[in-house]
Amino acid sequence: MTLPDHLLFSIRHGNLNHLTLNCLLILVGGSLSEPHLGSARTAGLVILCAVAGTTTEFELAGPGFVGLSSVAYGLVSYGVIATSTPGRRSWMLALIVFVLIAELLFLRPQIAVFTHSTSALIGGGLAMFSALFGSKGPTLKPMEWQHVSPAVQIITQTDEDDADEAENKFVHEGTDNMFVLQDRGEVLGLIGYCLDEDAPDIAWLSWTYLDQAHAGKGLGSQMLNDLLGKLAQMHVRKIFIETSDYEEFGKKLYAAAHKLYEEFGAEVELTVPGYHGPREAKIIYGLDNPEAPDIQAAEPSPTTGLSFTDIHKAAETDDVAGLRWCETSSGLSGLDQQLSLARAQSYRMAVLAIPSDLSNANATELQANGLKKCGELKEFYGKDLHQVWWSSDLGET
């Protein structure tokens with residue numbers, strides 16, 4: 001067979017085991033390489049490895065070999081090095097070299113050693129070059145499946161319960177609207193958002209954590225700043241950040257995060273004492289997006305009444321009831337019944353979030369029913385229309 005024959009018919013394999021092994025290696029190598037290179041560059045790497053590997057084997061060993069191992073070795077070599085952390089990258093390179101030397105010493109001429117070596121050199125060399133010279137520092141990228149494990153490990157450094165919740169969400173609901181800060185294949189931190197259902201130009205900051213080994217380098221600020229830029233392009237005008245004053249052994253675990261938010265200009269707009277636990281408050285920061293368009297005026301409600309219809313378990317707690325409501329023409333109804341239902345179901349607290357115009361119209365009756373105003377999220381629904389939070393300790397009578 002001539003060299004063109006080998007290039008044209010390289011898809012042929014010696015037997016089913018040979019074909020299966022190469023397909024598995026290409027699948028693994030491709031899944032690791034494509035997120036870093038993109039589809040077009042991955043295709044280019046495949047073609048380069050196939051041509052160069054086949055040509056080298058033909059010139060050095062002659063005809064008579066089959067298979068796509070040139071592609072398999074090139075993709076796997078690039079993938080394992082590109083996805084390794086800087087500390088492990090040299091070990092991956094040493095492992096690849098060891099495998100190639102072992103093939104040359106013990107398996108030559110049964111397998112096409114030269115096509116393996118050439119393709120591994122191309123794939124591994126490209127990965128090492130990219131790692132050394134291709135990166136301009138940490139960059140914020142959309143979270144993908146391979147980022148979930150290191151991201152969860154980073155969250156675990158601060159909050160194991162949060163890590164369990166995040167992992168469950170990523171596994172069952174996906175990683176939409178989440179990003180990772182990545183440098184040369186290493187995940188340094190994560191950040192994300194979710195849009196509010198009632199106010200589409202409002203976003204809530206999602207899991208935001210930085211690897212503690214990289215604290216103090218300004219990377220948290222970079223993540224938040226990059227995310228604000230992305231949200232501005234979506235016309236998100238304000239970001240709310242839920243956190244708490246949780247302490248462990250006398251240390252406030254989120255103190256560094258609070259400092260970061262405040263450096264960006266975020267202000268505490270709401271505090272609900274005892275929300276997460278008897279001694280752990282819910283804190284919500286508000287942060288105007290400086291790159292977003294101007295805020296639009298909100299339409300005032302034509303009605304002033306409230307009817308309480310149901311209760312539900314409030315977010316991030318097991319014993320706080322959220323009060324569901326709907327607007328009525330005037331007056332307040334159903335609150336006594338829903339508070340009684342919450343007590344019967346062993347909730348220790350009830351919370352209510354309503355627009356400021358409805359809050360003002362019903363403040364006296366809400367207070368008469370034992371609710372206390374906690375604060376307000378400013379201009380939540382639009383200019384001068386806020387979201388006011390009320391709470392009631394269900395242990396009080």
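Above this text is the structure in question.
So, a few notes on the structure that sits alongside this text.

Quick notes on a nonpolar patch on the surface
Taken together, Leu93, Val97, Ile101, Leu105, Phe106 and Leu107 make up a surface patch of nonpolar side chains, about 580 Å² in accessible area. Here Ile101 shows up in helix α4 (residues 86-106).

Here we look at the packing of helix α2 (residues 16-61) against helix α3 (residues 69-82)
With their axes 7 Å apart at the nearest point, α2 and α3 run at an angle of 135° to one another. One element, α2, and the other, α3, form an angle in the oblique class. At the point where α2 passes α3, the crossing takes the right-handed sense. Of the residues that constitute the contact of α2 with α3, the class distribution is 15 nonpolar, 12 polar and no charged.

Side note on helix α10 (residues 335-344)
Along α10, the residues classified as buried are Leu335, Gln338, Leu339 and Ala342. Along the axis of α10, the buried positions cluster into a sector of 100°, meaning they face one direction only. Residues Gln337 and Ala344 are exposed on α10 and point more than 90 degrees away from its buried face. In the core, the buried residues of α10 are packed alongside β11 (305-313), β12 (320-328), β13 (332-333), β14 (349-355) and α11 (356-368). Ser346 sits one or two residues past α10 and shows a positive phi near 70°.

Focus on the pairing of strand β10 (residues 280-288)
Buried residues dominate β10, accounting for eight of its nine residues. Relative to β10, strand β6 (residues 238-244) is paired through seven bridges, and the arrangement is antiparallel. Residue pairing for β10: Phe240 is matched across the bridge by Gly286. Inspection of the sheet shows strand β9 (residues 267-277) paired to β10 by six bridges, in the antiparallel sense. Bridging from a neighbouring strand, Val268 pairs with Tyr285 of β10.

Overview of the packing of aromatic side chains
Under the counting rule described, the total for this entry stands at six aromatic pairs. Measuring from ring centre to ring centre gives 5.4 Å for Trp204 and Phe240, while their planes differ by 35°; the resulting arrangement is tilted. Here the residue Trp204 occupies a position in strand β4 (residues 202-205), and Phe240 occupies one in strand β6, the gap between them amounting to 36 residues. Considering the side-chain rings of Phe380 and Tyr381, the 4.9 Å spacing of their centres and the 70° angle between planes classify their relative orientation as edge-to-face. Since its relative accessible area comes to 1%, Phe380 is described here as buried. Members of the aromatic cluster, connected to one another through ring pairs, are Trp204, Phe240, Phe380 and Tyr381.

Calculation criteria
Residues numbered from 1 in each chain as written. Predicted model: local features only at pLDDT ≥ 70, side-chain atom pairs only at ≥ 80, totals over all residues. Heavy atoms only, no water. Patch = residues over 30% accessible without salt bridge, like charges linked within 9 Å, V, L, I, M, F, W, Y side chains within 5 Å. Areas by Shrake-Rupley, 256 points an atom, 1.4 Å probe, with all protein chains shown as cover. Salt bridge = Lys/Arg side-chain N within 4 Å of Asp/Glu carboxyl O. Helix = DSSP H or I, 4+ residues; strand = E, 2+ residues; numbered from the N terminus. Axes fitted to C-alpha atoms, helices over the stretch in contact; angles between N-to-C directions. Parallel < 35°, antiparallel > 145°, perpendicular 65-115°, else oblique. Left-handed = near helix turned anticlockwise from the far one by under 90°. Nonpolar A, V, L, I, M, F, W, Y, C, P; charged D, E, K, R; others polar. Buried < 20%, exposed > 50% of the residue type's maximum accessible area, 1.4 Å probe, protein only. Arc of directions from axis to C-beta. Contact = heavy atoms within 4.5 Å. Pairing = 2+ DSSP bridges. Phe/Tyr/Trp six-rings, centres within 6.5 Å; stacked < 30°, edge-to-face > 60°.

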